[in-house]
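Take a look at the letters that make up each chain.
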Amino acid sequence: MNLQDKVIAITGAGQGLGRAMAVFLASRGARIAVIDINDEHMAETLGQIEAAGSSGKSYRCNVASESEVETTFKAIADDFGALNGLVNNAGILRDGLMVKVKDGEVSKMSLSHWQSVIDVNLTGVFLCGREAAIQMINTQSEGCIVNISSISRTGNMGQSNYSAAKAGVASLAVVWAKELARYKIRANAIAPGFIATEMTAGMKPEALDHISKMIPAGRMGQPDEIAHAVAFLMENDYMSGRVVEVDGGLRL
Ligand SMILES: NC(=O)c1ccc[n+]([C@@H]2O[C@H](COP(=O)([O-])OP(=O)(O)OC[C@H]3O[C@@H](n4cnc5c(N)ncnc54)[C@H](O)[C@@H]3O)[C@@H](O)[C@H]2O)c1
């Protein structure tokens, strides 16, 4: 798919990886529907899209809300007249051990920490994927969906909620590749390793230092390196149903 003038929706595009993807795809001529819950951050992303020589529009939407997602994707199709791509990128962390014993006291991951990550990182991906596919079909647009999974999908300590959601979205990409091919829609996932964004900046410095030493590439990844992989998946018409690992060689 040639990205020139194509319409690509990106969730969580207010900062971090989503913003980098928006600017990278805009520099290849794509028009961007910026989806996030932070208006100020979306305005900054739109400014960078315009500086990259393209245009876009922002949509305030909580990806975990069915009604907001339905309204948003209908509005995108009405505003642009097409929808060619979706990057399911919005995500949150609520890390913690499932069960922890300290000084004889047992603590546990709360149901609300479990549920909030599942709501945004898994249900949000399902809802946006479903509504994007409907609008791609309605507008007869050639389409490609990219779910952002994680190296944690194989099971990372302290991330019961996050690992389960990220394994789920990798699997959804395979299901959708099979179900949606008849409508000329492809689906893939990307599993990033540790990338320098606001999300990883929130981790403990000693943990980041420890992880960086384990990465064969010898450093954390840069947001543009994930954006580049998104562009590749969007552009290559024979890529479907696969999970692309972009992690500098790290295995958890
Ligand atoms: N940074 C990494 O090392 C890394 C590694 C693997 C996977 N990932 C995944 O990549 C994606 C982006 O990560 P990031 O590092 O850019 O994170 P980030 O925290 O910097 O940005 C996440 C964005 O998502 C938005 N968002 C959060 N909840 C939302 C909701 N309910 N609805 C709509 N938008 C919402 C936030 O406002 C923010 O703009 C996430 O899915 C994350 O799990 C990141």
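Below or above, wherever it landed, is the structure these notes cover. Bear in mind that the values here come from a model prediction, so they are computed numbers and not experimental data.

How each quantity is defined
- Residues numbered from 1 in each chain as written.
- Predicted model: local features only at pLDDT ≥ 70, side-chain atom pairs only at ≥ 80, totals over all residues.
- Heavy atoms only, no water.
- Pairing = 2+ DSSP bridges.
- Helix = DSSP H or I, 4+ residues; strand = E, 2+ residues; numbered from the N terminus.
- Axes fitted to C-alpha atoms, helices over the stretch in contact; angles between N-to-C directions.
- Contact = heavy atoms within 4.5 Å.
- Core = buried A, V, L, I, M, F, W, Y, C linked by side-chain atoms within 4.5 Å.
- Buried < 20%, exposed > 50% of the residue type's maximum accessible area, 1.4 Å probe, protein only.
- Near = heavy atom within 4 Å.
- Polar contact = N/O pair within 3.5 Å; in protein donor to acceptor, adjacent residues only side chain to side chain.
- 1 Å grid on protein atoms, 1.4 Å probe; cavity = no way out; pocket = protein on both sides within 12 Å on 5 of 7 lines; lining within 4 Å.
- Sits in = over half its atoms within 2 Å of the grid points.

1. Looking at the pairing of strand S5 (residues 99-102)
A regular strand places its side chains so that they alternate between the two faces of the sheet. In this sheet, strand S6 (residues 105-108) lies alongside S5 in antiparallel orientation, the contact comprising four bridges. Within S6, the residue paired with Val101 across the bridge is Val106. Once S5 ends, the chain turns through two residues before running back antiparallel as S6, passing Asp103 with a positive phi of about 50°.

2. Considering the sheet that holds strand S7 (residues 143-148)
Reading across the sheet, the seven strands line up as S3-S2-S1-S4-S7-S8-S9 and stay open at both edges, with parallel pairing between neighbours. Strand pairing shows two members of the sheet lacking a second neighbour, strand S3 (56-60) and strand S9 (243-246), which therefore form its edges. Across the sheet, the mean angle from the axis of one strand to that of its neighbour is 20°, orientation sign disregarded. Sheet strands in contact with helix H4 (residues 111-138) are strand S1 (7-11), strand S4 (85-88), S7 and strand S8 (185-192), and its direction is about 180° off that of S4. Strand contacts of helix H8 (residues 223-235): S1, S4, S7, S8 and S9, with the helix running at about 160° to S8, the strand carrying the most contacts.

3. Let's talk about the nonpolar core
Ile8, Ile10, Met21, Leu25, Ile32, Val87 and Met234 are the most contacted members of the largest nonpolar core, which totals 32 residues. The set of elements that each furnish at least two residues to this core consists of S1, helix H1 (16-27), strand S2 (31-36), helix H2 (39-51), S7 and H8. Once you skip the residues sitting within four places of it in the chain, Leu25 turns out to touch Leu3, Ile8, Ile10, Ala30, Ile32, Val230 and Ala231. Listed in part, the 30 residues of the second largest apolar core include Val63, Phe73, Leu83 and Ala90.

4. Quick word on the site of the ligand
Neighbouring residues of the ligand: 28 residues in total, closest Asp36, Asn89, Tyr162, Ile195 and Thr197. Contact between the ligand and Asp36: an oxygen atom at 2.6 Å from a side-chain N or O atom of the residue. At 2.9 Å from a nitrogen atom of the ligand is found a side-chain nitrogen or oxygen belonging to Asn62. With respect to the detected pockets, the ligand is housed in the largest pocket. Mapped by element, the contributors of at least two residues to the shell around the ligand are H1, helix H5 (160-180) and helix H6 (198-201). When residues of the shell around the ligand are assigned to their parent elements, the largest contribution, three residues, is made by H6.

Bear in mind that shape data such as this cannot, by itself, settle questions of function.
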